[in-house]
Amino acid sequence: EKLQQGAEDVETMKVVLADEEVKLRKAEEATNAMLSKLELSSMAAKKEQDAVAVIKQGCEEDKERIAGEKALAEEDLAKAQPFVDEAERAVNSIKPNDLNELKKLGKPGDIIKLIFDCVALLKMEKMVKIEASEVTLGIGKEKQTIPFFKDSFKIQQTGMLSDSKFLNSIFFFSKYEKDYINDETIEFLLPYLELQGFDPLVARNASKAAEGLCTWARAMKYYHEASKIVKPKLEALSLAEARLADAQRELDKAQKKLEACEEVLQKLQLDFENQMGQKKAIEENAAHTRRKMEQATALIDGLSGERQRWTEDSHKFDDRKKRLVGDVGVACAFISYCGPFNQTFRDYIVKDKFLLDLRLRSIPATSDISLSDFLVDAGTVGDWSMEGLPTDSLSIQNGILVTRSSRYPLLIDPQGQALAWIKEHEKEKLPSFGTTTLGHPKLREQLEFCMCEGKALIIASVENEIETMLTPVLEKQIITKAKSKYINISDKLCEYSDDFMLYMTTRLPNPHFSPEDQAKTTVVDFTVTQRGLEEQLLGRVIGKEQKSLEEQLKQVMEEVTSNTKALLKLDQLLLERLSANTGNLLDDEELIEVLANTKAKATEVNTKLIAAGETKISINEKREQYRPVATRGSVLYFCIVDMSMVNVMYQTSLDQFQVLFDASMDNAEKASLASKRVGHILEEMTYSVWRYIDRGLYTKDKSSFKLMLMLKILLTSGRLSGSDVTLFLKGGAALDINSVIPKAFAWMTDASWLNAVQLMQDKPMFKLLLDGMTRDEEDWKAWYNSNEPETEAIPGYETQIKADRERGPF
């Protein structure tokens, strides 16, 4: 119903999708028109942006260049700064009292007069006309008179020196007017500065104020010389900065214009994005609808096969429900009671007892129920097979009995087959000590440990009785305290885990357990069957003759088992997800996705299964070439086992036989062709096994063993039928001499006559035997009375028997 509703919803989606596509076309046209306008505005903005970029690049280049020039100018200016500092220190050293002292000097020294001339020249004060004169400079003995100019001290004394702000004017000149000193002033100043003895040391001897002014004048001269290099650079720098300011103003104007263009562009871009958003929403909605429709279509188409199968199953479900109670009852009875019996008796009990009882009670049940299919899936059987359990129906039933029974299993295992499988089956839960026995001195401690830790305890080699200490465990006398479970063993309360498992095996082929022990356990007969042994021996042959083939088969079997389990799980998951959905199937996107993925995985797994199946067929075809060896080996082993019924002393274990089996392959003649190799192995194996067993038989039983061996080989190969053997062994023993054709010959015993009658009835070739005997009575009488009739020709049938290839003389 959900799949049908989904198909109808898909048709509705197609209509919705068509409407969405119309909307999408309209939105695309509007978007394209807006995109054209946006491209024009973008081009204008790009043009303005390029222009601004050019201006900006020029400004940045000028700025970088001017910054470099300014740094160089400041570096050069820094070289003149020490002279300014020296001049300031010199002026700062002059005190007003020092100047007052100079003012009061009636006749100052020449050094003082010359110093004030220098100050006057720097400040461009009035000077006397140039007249020759002499000056005396120096200290002590170093004084000397030098021809020079006439000084202007008197003018300065009454003018500049008399000014109360003279010292401040010197400070002001140093700070603000020093850059106005020109080369002409320095040229006038140089003769003074170059005079020998015109230095601060000489001036200090005359006056402290004179020393400061002398140092100041000299510093101004040096500052001018240093700043003369810097000034042109500073002037050029000022002009460059002015040009940079103009360029920056142009850049600001262009930037504002660009911002206006970008604002328009941004508005258009916003409108375009809104339009694109609407278009995208329509596209996403259309894409979502299309995707959802495609997913739903793919899902519905993909599940079409399952839909048909599920529909058929749903139709059969009511009938299965009616038969379910009866089928479960048969399965429960099978698990409870059929373990100790062989395959034939199990089939008899199920079909002739359990099913018949259900029919008498009017309880519906499946008449041809397959308990193996009902109780276990193919994946689990595959796991068991990889663990070493044979794949014949009896072994699969035994696996079910062991794993499904609520009672702990007691396995009749003469060949050790069950023990090997249980060890592999429970390898994750086996304790470190492996298996144990009832006679082990630490059995109680081992049992306690396994029960507490949830391990699997395997007790091997059980005889006819079970240790009474195990009774509380076998009966599961569990005591619950709070959240823990306990079992009382030998008056000690031992912790019990639900994961604990107990297995017991016996090597006795026909043990005699008490009814009480059988009621406490699930007795399972694991005696190997001829078919199961044949499969084991085939694997052994292939492992020896074609090892790579057996490894390949094992790998393929693992893949088949894994993929079969995965397929069953995926199929179950599909049904669970579909049945768990309560709303519309197509509204649950997660469900659609999960179902689509599950279906894809199921398809992939199914493909792998088909490929693995083909590979398995190919491998089995090659393996089948060696099956005659396994078949002959199985026949030989069971023939040996049957000899124990002749005499209980004739016991041969499966392990002992497998040694003979392997040795026959080692000793057989090699051959490149598989068919020839098989023939050599069959010949070697038959002879070596017969010789080995014959050596241990009483002389009276050797012929019986040969006969049994021959008959079983001929029966298995199809050369003889069961009726042929029965006729050979029993003859007419089952007939009554009074109820058959009256005996026609007095020389023949009743038993011989009944044998002839039985042969005539069973074999068409001899339907005229009695007539022939009557017609050729003398010949038959002579043949009958012969001491060695087997060497004589059979009257009337010798030529016919020789001509029959199938029934010719052995």
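Scroll up to find the structure this text is about.
Let me sum up the structure you'll find in this document. Fair warning: this is a prediction, and the values are worked out from it, not measured in the lab.

A few words now on the overall build of the protein chain. For the protein chain, the helix and strand inventory stands at 29 helices and 10 strands. Sorting the 810 residues of the protein chain into buried and exposed places 39% on the buried side. The long-range fraction of contacts in the protein chain, counting pairs at least 24 apart against all pairs at least 6 apart in sequence, stands at 73%.

What follows deals with the packing of aromatic side chains. Per the counting criterion, the structure on display carries 21 aromatic pairs. Summarising the aromatic geometry, the rings of Trp780 and Trp783 are spaced 5.7 Å apart at their centres and angled 80 degrees between planes, so their arrangement reads as edge-to-face. Taken together, the residues Trp780 and Trp783, both in helix H28 (residues 777–785) and three residues apart, mark about one turn of the helix. On the basis of relative accessible area, Trp780 is assigned to the buried category, the value being 8%.

Now for the pairing of strand E6 (residues 478–481). Where E6 and strand E7 (residues 484–489) come together, four bridges link them in antiparallel fashion. Its bridge partner being in E7, Lys481 is matched across the sheet by Ser484. The hairpin turn running from E6 into E7, its antiparallel successor, is two residues long, and Ala482 in that turn takes a positive phi close to 60 degrees.

Let us look at the packing of helix H3 (residues 110–123) against helix H5 (residues 166–177). When two helices pack together, their arrangement is given by the angle between the helix axes and the distance between those axes. Running from N to C, H3 and H5 cross one another at 55 degrees; their axes reach a closest spacing of 12 Å. Of the possible angle classes, the one that applies to H3 and H5 is oblique. Remark: the crossing between H3 and H5 carries left-handed chirality. On H5, the residues that touch Phe116, Val119, Leu122 and Lys123 of H3 are Phe166, Ser169, Ile170 and Phe173.

On to helix H6 (residues 183–193), then. All of the buried residues in H6 are Thr185, Ile186, Leu189, Tyr192 and Leu193. One face of H6 carries all of its buried residues, which in axial projection span an arc of 100 degrees. For H6, the side-chain oxygen to backbone nitrogen distance between the N-cap and Glu184 is 3.2 Å, and the N-cap itself is Asn182.

For the structure shown, the criterion picks out zero disulfides. Here Cys494 stays free of any disulfide, with the sulfur of Cys452 as its closest cysteine sulfur at 9.0 Å.

What follows covers the side chain of Ser152. The residue Ser152 is located in the loop between strand E2 (144–149) and helix H4 (153–158) in this model. A relative accessible area of 2% means that Ser152 is categorised as buried. Within the structure, Ser152 has its side chain in polar contact with the backbone nitrogen of Val128 (distance 2.9 Å). Those residues within four positions of Ser152 in sequence are excluded, and the remaining contacts are Asp117, Met127 and Val128.

Relative to the elements of secondary structure, Leu375 occurs in helix H11 (residues 371–375). Spatially, the C-alpha atoms of Leu375 and Gln397 are 9.2 Å apart, while their sequence positions differ by 22 residues. Not counting residues up to four positions away in its chain, the partners in contact with Leu375 are Ala331, Phe334, Ile335, Ile400 and Arg404.

With that settled, the discussion passes to the nonpolar core. Most often, soluble globular proteins have nonpolar side chains that are buried together. Core analysis: the biggest nonpolar cluster contains 58 residues, and Met451, Ile459, Val473 and Phe500 have the highest contact counts within it. In contact with Val473, other than residues within four places in its own chain, are Tyr408, Leu447, Met451, Ile487, Ile489, Phe500 and Leu502. Counting 35 residues, the second-largest nonpolar core is a separate cluster that includes Val119, Ala120, Tyr192 and Leu195.

Next up on the list: the sheet that holds strand E4 (residues 436–437). Pairing is parallel in the open sheet, where five strands are placed in the order E4-E5-E9-E3-E10. The open sheet has two edge strands with one neighbour each: E4 and strand E10 (522–525). Strands strand E3 (409–412), strand E5 (456–460) and strand E9 (501–506) of the sheet are contacted by helix H14 (residues 417–425), whose axis makes an angle of about 165 degrees with E5.

A full pass over the atoms with the stated rule returns 21 salt bridges. Across the pair Asp666 and Lys544 runs a salt bridge whose closest N-O atoms are separated by 3.4 Å. Here Asp666, found in helix H22 (residues 654–667), pairs with Lys544, found in helix H18 (residues 530–545); they are 122 residues apart in sequence, far enough to count as distant. What makes Lys544 partly exposed here is its relative accessible area of 40%. One salt-bridge network, held together by shared partners, links Arg531, Glu534, Glu535, Glu624 and Arg627.

Moving on, we get to the sheet that holds E6. An order of E6-E7-E8 is seen for the three strands of this open sheet, with the pairing classed as antiparallel. Every other strand in the sheet has two partners, leaving E6 and strand E8 (492–496) as the edge strands with one partner each. The mean inter-strand angle of the sheet, taken between neighbouring strand axes irrespective of direction, is 40 degrees. Inspection of the sheet shows E7 paired to E8 by five bridges, in the antiparallel sense.

Here we take up the side chain of Ser664. Considering the arrangement of structural elements, one finds Ser664 in helix H22. Engagement of the side chain of Ser664 in a polar contact is seen with the backbone oxygen of Phe661, the distance being 2.6 Å. Sequence-distant contacts of Ser664, that is, excluding residues within four places in its chain, are made with Glu684, Met685 and Ser688.

Our focus in this paragraph is the environment of Leu239. Looking at the secondary structure, you find Leu239 in helix H8 (residues 208–302). Along the chain, Leu239 and Ile66 lie 173 residues apart, while their C-alpha atoms are 10.0 Å from each other.

If you check the backbone angles, Met124 has positive phi at about 60 degrees while not being a glycine. As for its position among the elements, Met124 is in the loop between H3 and strand E1 (132–137). Even without being a glycine, Asp491 presents a positive backbone phi close to 65 degrees. In this structure, Asp491 sits in the loop between E7 and E8.

Now for the packing of H18 against helix H21 (residues 627–642). Between H18 and H21, the shortest axis-to-axis distance is 8 Å and the interhelical angle comes to 130 degrees. Judged by the angle between their axes, H18 and H21 are oblique. The handedness of the crossing between H18 and H21 comes out as right-handed. Along its contact with H18, which presents Gln530, Arg531, Leu533, Glu534, Glu535, Leu537, Leu538 and Val541, the element H21 presents Arg627, Val629, Ala630, Thr631, Gly633, Ser634, Val635, Tyr637 and Phe638.

Rules used in this analysis
- Residues numbered from 1 in each chain as written.
- Predicted model: local features only at pLDDT ≥ 70, side-chain atom pairs only at ≥ 80, totals over all residues.
- Heavy atoms only, no water.
- Helix = DSSP H or I, 4+ residues; strand = E, 2+ residues; numbered from the N terminus.
- Buried < 20%, exposed > 50% of the residue type's maximum accessible area, 1.4 Å probe, protein only.
- Contact = heavy atoms within 4.5 Å.
- Phe/Tyr/Trp six-rings, centres within 6.5 Å; stacked < 30°, edge-to-face > 60°.
- Pairing = 2+ DSSP bridges.
- Axes fitted to C-alpha atoms, helices over the stretch in contact; angles between N-to-C directions.
- Parallel < 35°, antiparallel > 145°, perpendicular 65-115°, else oblique.
- Left-handed = near helix turned anticlockwise from the far one by under 90°.
- Arc of directions from axis to C-beta.
- Polar contact = N/O pair within 3.5 Å; in protein donor to acceptor, adjacent residues only side chain to side chain.
- Disulfide = S-S within 2.5 Å.
- Core = buried A, V, L, I, M, F, W, Y, C linked by side-chain atoms within 4.5 Å.
- Salt bridge = Lys/Arg side-chain N within 4 Å of Asp/Glu carboxyl O.

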